[in-house]
Amino acid sequence: MELLSFQGLCHIVGISQDTGEYWMEEFSMYIPKTQQDNTIYYLTEAIDIMRFIKKCKYQNANSKWITKQLAERSFPIRVDNSQTETYTEWEQERSNLIAFLNNINTTISHVAAHERMLQEIKKKQCSQEEHIATIKQQQSEIANLKQEIGMLQKQISHTKDYKRKKQQMADLFK
């Protein structure tokens, strides 16, 4: 397959590059081209199409009429492999992007669920910390009560000793 540069195509057809650019915009779907390494090249069939457009333009035909003639003629409308490959690559990239976005959505859902679980855990932790504070306060009260009990037991012991001694003294005087 022979490829032509834009400059080469315009030279072969015998038109200026400005005219060629204008016609490329106006009749682009009928001019077979391909892209390689970010450069557009034209297939040799483009020569006949551009010569037809040139002939029509020199006969003062309007663009609508030329477009209609191009559509009715046997000029092939080509979709070259690089465009098909680009479209296929684009579709693949689109599919990959959709899958990536779905993964992000799933991740966001999991993060939101984990945040709710963390909030519940924090609530439970606060409740448990309150219980722990209450338990520590109760332990402190228990320790104080034990000290009081110990002091009361000593007092009772002293009181019993005192009563016993008092009784012994009273028994001596009887």
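Calculation criteria
- Residues numbered from 1 in each chain as written.
- Predicted model: local features only at pLDDT ≥ 70, side-chain atom pairs only at ≥ 80, totals over all residues.
- Heavy atoms only, no water.
- Helix = DSSP H or I, 4+ residues; strand = E, 2+ residues; numbered from the N terminus.
- Buried < 20%, exposed > 50% of the residue type's maximum accessible area, 1.4 Å probe, protein only.
- Areas by Shrake-Rupley, 256 points an atom, 1.4 Å probe, with all protein chains shown as cover.
- Axes fitted to C-alpha atoms, helices over the stretch in contact; angles between N-to-C directions.
- Parallel < 35°, antiparallel > 145°, perpendicular 65-115°, else oblique.
- Contact = heavy atoms within 4.5 Å.
- Nonpolar A, V, L, I, M, F, W, Y, C, P; charged D, E, K, R; others polar.
- Core = buried A, V, L, I, M, F, W, Y, C linked by side-chain atoms within 4.5 Å.
- Patch = residues over 30% accessible without salt bridge, like charges linked within 9 Å, V, L, I, M, F, W, Y side chains within 5 Å.
- Salt bridge = Lys/Arg side-chain N within 4 Å of Asp/Glu carboxyl O.
- pLDDT = per-residue confidence, 0-100.
- Pairing = 2+ DSSP bridges.
- Arc of directions from axis to C-beta.
- Phe/Tyr/Trp six-rings, centres within 6.5 Å; stacked < 30°, edge-to-face > 60°.

## Focus on the overall build of the chain
Piece 1. Along the backbone of the chain there are 5 helices and 3 strands.
Piece 2. Relative to its full complement of 174 residues, the chain shows a buried share of 18%.
Piece 3. In the structure as shown, the chain presents an accessible area of about 14,200 Å², 53% of it carried by carbon and sulfur atoms.

## Focus on the packing of helix H1 (residues 6-13) against helix H2 (residues 17-26)
Piece 1. Remark: H1 packs on H2, axes separated minimally by 9 Å, with the N-to-C direction vectors making an angle of 105 degrees. For the element pair H1 / H2, the angle class is roughly perpendicular. Every residue of H2 that contacts H1 at Phe 6, Gln 7, Leu 9 and Cys 10 is listed here: Gln 17, Gly 20, Glu 21 and Met 24.
Piece 2. Classifying every residue of the contact of H1 with H2 gives 4 nonpolar, 3 polar and 1 charged.

## Observations regarding the nonpolar core
Piece 1. Core analysis: the biggest nonpolar cluster contains 22 residues, and Leu 9, Ile 31, Met 50, Ile 53 and Leu 70 have the highest contact counts within it.
Piece 2. For this core, the secondary structure elements donating two or more residues are H1, H2, helix H3 (45-58) and helix H4 (63-72).
Piece 3. Tallying contributions element by element places H3 first for this core, with 7 residues.

## Some thoughts on a nonpolar patch on the surface
Piece 1. A contiguous nonpolar patch, built from Leu 97, Phe 100, Leu 101, Ile 104 and Ile 108 and spanning about 470 Å² of accessible area, is present on the exposed surface.
Piece 2. Mapped onto the elements of the fold, Leu 101 is located in helix H5 (residues 81-172).
Piece 3. Residue Leu 101 is classed as partly exposed on the basis of its relative accessible area, which comes to 43%.

## Concerning the confidence of the model for the chain
Piece 1. Of the residues in the chain, 87% reach a pLDDT of 70 or more, and the chain-wide mean stands at 85.
Piece 2. Scored below 50 in pLDDT, residues 77-81 shows 10 contacts in the model against residues more than four places distant or in partner chains.

## Points about the pairing of strand S2 (residues 33-36)
Piece 1. As defined by bridge partners, S2 adjoins strand S3 (residues 39-43) across 4 bridges and the pair is classed as antiparallel. Of the residues in S3, the one forming a bridge with Gln 36 is Thr 39.

## Structural notes on H2
Piece 1. Among the residues of H2, Gly 20, Trp 23 and Met 24 are the ones counted as buried. For H2, the buried positions fall inside an angular range of 105 degrees around the axis, keeping them on one side. Of the exposed residues in H2, those oriented more than 90 degrees away from the buried face are Asp 18 and Glu 25.
Piece 2. Along its buried surface, H2 packs onto H1, S3 and H3.

## Notes on the packing of aromatic side chains
Piece 1. Enumeration over the complete set of coordinates arrives at 1 aromatic pair.
Piece 2. With a centroid separation of 6.2 Å and an interplanar angle of 50 degrees, the aromatic rings of Phe 6 and Tyr 42 are classed as tilted. Taken together, the positions of Phe 6 in helix H1 and Tyr 42 in strand S3 put the pair 36 residues apart, joining distant regions of the chain.
Piece 3. Using a relative accessible area of 7% as the deciding quantity, one classes Tyr 42 as buried.

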